[in-house]
Amino acid sequence: MAQRQSIEHRTLGRNGISVSAIGLGCMSLSGVYGKSDDQASVALLNHALDQGVDFWDSSDMYGWGHNEEVLAQVLKTRRNEVKLATKFGQTKGQGGVNGVDGSPKYVAEACEASLKRLGVEVIDLYYQHRVDPDV
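The structure reproduced in this document is the subject of the present report. Each chain has its residues counted from 1, following the order in which its sequence is written. Local features are withheld for residues below a pLDDT of 70 in this predicted model, meaning they are given only at 70 or higher, and side-chain atom pairs are given and counted only at 80 or more; totals for whole chains, interfaces and linings count all residues. Only hydrogens and water are removed before side-chain values are computed, so all heavy atoms of the structure are retained for them.

## Digging into the pattern of salt bridges
Phase 1: Here a salt bridge means any side-chain nitrogen of Lys or Arg lying within 4 Å of a carboxyl oxygen belonging to Asp or Glu. The full count for this structure, using the stated rule, is eight salt bridges.
Phase 2: Arg10 is the salt-bridge partner of Glu8, the closest N and O atoms lying 3.6 Å from each other.
Phase 3: Only protein chains enter the accessibility calculation, which uses a 1.4 Å probe; a residue is then buried when its area is under 20% of its type maximum, exposed when over 50%, and partly exposed in between. Classification of Arg10 as partly exposed rests on a relative accessible area of 46%.
Phase 4: Between Asp124 and Arg79 there is a salt bridge whose closest N-O contact spans 3.1 Å. Placement of the pair is Asp124 in the loop between helix H3 (104-118) and strand S8 (125-128) and Arg79 in the loop between helix H2 (66-78) and strand S5 (83-88), with a sequence separation of 45 residues.
Phase 5: Where salt bridges share partners, they join Asp50, Arg78 and Glu81 into one cluster. Strands here mean DSSP runs of E at least two residues long; helices mean DSSP runs of H or I at least four residues long; both are numbered from the N terminus.

Here it is, written out as C-alpha cells:
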C-alpha cells in the first residue's frame, strides 16, 4: 500500500461523518459507459484511497449489484478507510424500463442485499436513488 495522501475533508450534515472533499462516483466501474474491467476497477479504488479519496458513492442498480461486488473486493481489506454511500429505489423492469420502489419492505430488502454484496455490516450513507411518488 502506498503512503496515504492528505486531502481536505468536509462534514456531511450536522454532527455527520467526515468525508474527502472529492468523492469517487463508482457508476462507471460496472460497464455503464462501455466495457468494464474489474481488476482495473479494484486498482482504481485502491489508488483513490492512497490519494486520500475516501468517500465512495455506489448504487444497487449500477450493474444491478455488480458495482457493489467490485467495491467489496477492496472493502474486505480497507473498510476502515472508506466512507461508503450506496443507493436504493430503482428496480429492473422488463424491456429496459426501470421502476421505482420506495416501500419500507423494499428498502429493507434492498439494504440487506447491498450489505451482503458489499461484504460489510454498515453502510455509512444509505439514500434513495429515485423518489417513489406512491410512498
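From this point, the narrative continues.
## Let's talk about the pairing of S5
Phase 1: Judged by how many residues are buried, S5 sits mostly within the fold: five of six residues are covered.
Phase 2: Where strand S4 (residues 55-57) meets S5, three bridges bridge the pair, whose relative direction is parallel. Note on S5: the bridge partner recorded for Phe55 is Lys83.
Phase 3: Orient the strands so they point away from the viewer, and a crossover whose first-strand-to-second-strand path over the helix runs clockwise is right-handed. Once you follow S4 into H2 and on to S5, the crossover reads as right-handed.
Phase 4: Alignment of S5 against S8, held across four bridges, turns out to be parallel. What sits directly across from Lys87, in S8, is Tyr127. At least two bridges found by DSSP between two strands are what make those strands a pair.

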